[in-house]
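Chain by chain, the residues run as shown.
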2 protein chains.
Amino acid sequence: MTVNSADEQFVEALQNVLPSSAFRPVEPRYLEEPRGRWFGKAGIVVAPDRVEDVATVVRCAFGAQVPVMPYSGGTGLVGGQVMPDGPAPVLLSLERMNKIRATYPDENTIVAEAGVILSDLHEASRSVDRLFPLSIAAKGSARLGGLLSTNAGGVNVLRYGNARDLCLGLEAVLPDGQIWHGLKRLRKDNMGYDLRNLLIGAEGTLGVITAATLKLNPRPAHEGTALMVVPDPAAALKLLAMAQAHVGEGISGFELMARTGLEFLAQTMPEQRQPFEVMPEWFVLIDLGLAQGLDPAQALEKLFVQAMEQGLVSDGVIAQSEAQRQVFWDLRENIPEGNKRIGSISSHDISVPMGAIPDFILTAKQRLAEIGTFRINCFGHLGDGNLHFNVFPPKGESREAYRGVRDHVQRAVHDLVHEMQGSVSAEHGIGRLKVPDLERYEDPVKLQAMRTIKSALDPKGIMNPGAVLRDVPAP
Amino acid sequence: MTVNSADEQFVEALQNVLPSSAFRPVEPRYLEEPRGRWFGKAGIVVAPDRVEDVATVVRCAFGAQVPVMPYSGGTGLVGGQVMPDGPAPVLLSLERMNKIRATYPDENTIVAEAGVILSDLHEASRSVDRLFPLSIAAKGSARLGGLLSTNAGGVNVLRYGNARDLCLGLEAVLPDGQIWHGLKRLRKDNMGYDLRNLLIGAEGTLGVITAATLKLNPRPAHEGTALMVVPDPAAALKLLAMAQAHVGEGISGFELMARTGLEFLAQTMPEQRQPFEVMPEWFVLIDLGLAQGLDPAQALEKLFVQAMEQGLVSDGVIAQSEAQRQVFWDLRENIPEGNKRIGSISSHDISVPMGAIPDFILTAKQRLAEIGTFRINCFGHLGDGNLHFNVFPPKGESREAYRGVRDHVQRAVHDLVHEMQGSVSAEHGIGRLKVPDLERYEDPVKLQAMRTIKSALDPKGIMNPGAVLRDVPAP
């Protein structure tokens, strides 16, 4: 399908139908992405502040067959938010669609626009004594529309689910510019096909999400956090099962970390307090949020004692204050920044069936050892089977020298994930980075169904072309 | 689109490619449905025991343009499982695809075929000390494929979600007869569009689910159940919020019931023990499942005392044994049977935003009073905003006499649900019964997107034609 650049004529047409407040200069910030692998282009940047104007933009683009690049917080890690090739798109920023439309604390729901920043959503929920549990390191700049479009994960998935599990309803503009009014606030609604989950995770290729009804949760009455040293990932899994038997759904986070992560922090962020005198090979962060009448510190201590008896842990520290809890979490959340400062050769956002995790870590290291000498920082959301398995050059060497083996490293890790029935994109999505992986590893029948759906719903191929799918046949 | 009957020639073609064990006589049980509103037809009944044979059936049907009626447990309440009009379909029963393929208790997952009966799935989960929480009254005959295809709800949705929330992966045969191998066991997987959720709830109109990977849960260490008398539904909602503050996610069920339900049971099932000396106007069943170290009876008592102080409850009884717990649940689960024996004029499976429930119940009764004199049995899953609002003739009169007002009654209830931003199919689906409701109440842009998807994925219109959508345009 051919698409056209957002040229002067198209810009003029938009100027005739949108308020002047909707236009933004084409600044570099709209065209960059955090990993610096691509630089996008845009014929024009528009930032409407109401869904009707979003619809107008898409309708115009549909008419002129101009590509639309929906733009949310710009924090995505797979290049889904930049269009480096082909005709220059209209970049449709949701930044001014940033209202909380309504909160319903009695119902545990909130209705928010796509441009609301995640930390603002946290704040709005807290102000009515509720919790919006989705949380990722980029929470200060990531916006709701992007979080839903990529089905974001983060640190609370174990307890509360991924972005899609937290969404009850959507308002969205479909590729022909029509508005779907689907902001239902219902826990149960079996009225036909699940269009909501189709748009969630479609990375802007099937339409633009403009607002959502989200589930809130009661705030746990008491929270508590511990770091516990485990001999290996297998013990960490057993510790998780033990913790689940102790406190049921009360586990909000269960994060695995490794010595490499601490070393990287010591090297690049020395201001980060180190929790252990001797850096352990493996340790976990356990976060509990319990209801009235339960004491998380007590529960963590009981867990620690029992785990000690069974040889699952050898050391541990339980946060004694909210400030210390924050220090533990900062440690976890600074690990990606430490990685960035060291500079990875290749980073992998993978998941495997829970039981396969220890075997995966061992075998992946063996296979990489056959390619060369690397440092590996493996950490992540153990309770979800989701690891960030990132590969770095040996100390003192630069990633540049390893550019030549990057593809080889990635292929080795991804092939292993696939052998183990895992996913090579657990929570970051496909974007542009993983299009070849999707084609290589995803079931061909599913891929064909995806292409059929894409070409039917977006017959002119204007929505974020090149992301997720390429070579989509004309309908 | 024209489709052809499964005629002699088609049957012969199937006989050439399927083992003889796959053929079943066309017995009435395949053609009936529980509410007796339709009687289906079938040119042939086949019951393959492996996915390859299911695919063969669909491929043959695709080639010959013969409709396929996927048949699971046959317990659906909206006629999605019977095809009374048009060419006789091939009825594709999943009853022999009834194997548990694997259980992974350490991962909390199970892989089961579509023909597994729900109670067998419960048993298989229990045998590895896990819980598969989906539960409905028809659990002894409903099968997994139908439960997923209708996104079944039931009594544990408040805590564990609907069927779609319990499914991690699918194996399915798409309308062209290709097999999608998607039985992943991952909690996080962002590899492209969410085909899984598109098939779940599509009622067999987009393909045939043949197997699924399901989430299991740890079994709560301690369970407890109470019945509490509330002055009205508004108090019941406040009681729910209070219970959530007390025990967090520990509430497995929160069911509202009314005096009419008890009266119907007294009349039609006198063997059912009545829990109260004086039948209360409204009462709730609260079911708790708590982790180690917590005592549900104690928690319920504490809740009862505090609720009493605030005037939210006036009487209550806490189950003192597992047997008494079962009596309370039997009461709840026998209410649909009581309704059936009385014979409703019209029954409604609706949901509204939680906060609107008291107003809905009041206003619905007022509007019906304008139409005539009725008995109303309103009960259901209060914690999900999902009520079964069933309308009966006055005592001593038969439903037959009221056939003339049935549509009027239904329209009044459904219009009100729609005004309150609710759903006229909360958990039963659309089937054939609610096609006009879907067309009347669902957002037109969503409806159009559904038609586009249907005609793209099922271009010959062979999958359960007439269910969910009618008048689907040719692609």
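Just so it is clear, the model here is predicted, and its values are computed rather than measured.

## As for the environment of Pro393(A)
All names here are of chain A.
Next, step 1: Mapped onto the elements of the fold, proline 393 is located in the loop between strand S18 (386-392) and helix H12 (406-419).
Next, step 2: Proline 393 sits 48 residues away from isoleucine 345 along the chain, and the two C-alpha atoms are 6.7 Å apart.
Next, step 3: Contact partners of proline 393, with chain neighbours within four places excluded, come to Gly343, Ile345, Arg375, Ser398, Arg399 and Tyr402.

## Looking at the relation of the copies chain B and chain A
Copy one and copy two of the chain differ by a rotation about a common axis and a shift along it.
Next, step 1: Under the fitted operation, chain B is carried onto chain A by 0.0 Å of movement along the axis and a turn of 180°, and the coordinates agree to an RMSD of 0.0 Å. Given the turn and translation reported, the copies of this chain are related as if by a two-fold rotation axis.
Next, step 2: In this assembly, 100% of the residues forming the interface of chain B have copies in chain A that are likewise at the interface, indicating an isologous arrangement.

## Considerations on the pattern of salt bridges
One side chain can pair with another of opposite charge once the charged atoms of both are near each other.
Residue and element names in this part refer to chain A.
Next, step 1: Taken as a whole and assessed by the stated rule, the structure comprises 60 salt bridges over all chains.
Next, step 2: Salt-bridge contacts for aspartate 189 lead to lysine 184; the nearest nitrogen and oxygen are separated by 3.0 Å.
Next, step 3: The exposure class of aspartate 189 is partly exposed, given its relative accessible area of 26%.
Next, step 4: A residue is classified by how much of its surface remains accessible, and lysine 184, at 18% relative accessible area, is buried.
Next, step 5: Through salt bridges with shared partners, one network takes in Lys99, Arg101, Glu113 and Glu171.

## Digging into the packing of aromatic side chains
Two descriptors summarise a pair of aromatic rings, namely the distance from one centre to the other and the angle between the planes of the rings.
Next, step 1: For the structure shown, the criterion picks out 10 aromatic pairs over all chains.
Next, step 2: Each ring, one from Tyr30(A) and one from Tyr71(A), has its centre 5.5 Å from the other, and the planes form 80°; the classification is edge-to-face. In this pair, Tyr30(A) sits in the loop between strand S1 (23-24) and strand S2 (44-46) while Tyr71(A) sits in strand S3 (residues 68-71), placing the two residues 41 residues apart along the sequence. Across this residue pair, the class does not change: Tyr30(A) and Tyr71(A) are buried.
Next, step 3: Their ring planes at 75° and their centres at 4.6 Å tell us that Phe264(B) and Phe392(B) sit as a pair that is edge-to-face. Placement of the pair is Phe264(B) in helix H8 (residues 259-268) and Phe392(B) in strand S18 (residues 386-392), with a sequence separation of 128 residues.
Next, step 4: Just above the ring of Phe62(A) sits the side chain of Lys460(A); from NZ or CZ to the centre is 4.2 Å.

## Some remarks on the domain arrangement of chain A
Reports of interface size often rely on the accessible area that becomes lost once the parts have come together.
All names here are of chain A.
Next, step 1: Taken domain by domain, chain A comprises domain 1 (8-95), domain 2 (100-218), domain 3 (222-340) and domain 4 (343-419).
Next, step 2: Spacing between the C-alpha centres of domain 2 and domain 3 amounts to 29 Å.
Next, step 3: Taken together, the contacts link seven residues of domain 2 with 12 residues of domain 3.
Next, step 4: For the pair domain 2 and domain 3, the summed buried surface comes to about 780 Å²; carbon and sulfur atoms form 49% of the total.
Next, step 5: When the buried area of domain 2 at its contact with domain 3 is split by residue, Val155, Leu158 and Arg159 rank highest and sum to 73% of it.
Next, step 6: Seen at the junction of domain 2 and domain 3, the total is one salt bridge.
Next, step 7: Between lysine 139 and glutamate 333 there is a salt bridge, and its shortest N-O distance comes to 2.8 Å.
Next, step 8: Among the residues making up the side of domain 2 that touches domain 3, the classes are represented as four nonpolar, one polar and two charged.

Analysis parameters
- Residues numbered from 1 in each chain as written.
- Chains lettered and ligands numbered in written order.
- Predicted model: local features only at pLDDT ≥ 70, side-chain atom pairs only at ≥ 80, totals over all residues.
- Heavy atoms only, no water.
- Helix = DSSP H or I, 4+ residues; strand = E, 2+ residues; numbered from the N terminus.
- Contact = heavy atoms within 4.5 Å.
- Least-squares fit on C-alpha atoms with pLDDT ≥ 70 in both.
- Salt bridge = Lys/Arg side-chain N within 4 Å of Asp/Glu carboxyl O.
- Buried < 20%, exposed > 50% of the residue type's maximum accessible area, 1.4 Å probe, protein only.
- Phe/Tyr/Trp six-rings, centres within 6.5 Å; stacked < 30°, edge-to-face > 60°.
- Lys NZ or Arg CZ within 6 Å of the ring centre and 35° of its normal.
- Domains from an automatic or database assignment.
- Buried area = accessible area lost by both parts, 1.4 Å probe.
- Nonpolar A, V, L, I, M, F, W, Y, C, P; charged D, E, K, R; others polar.

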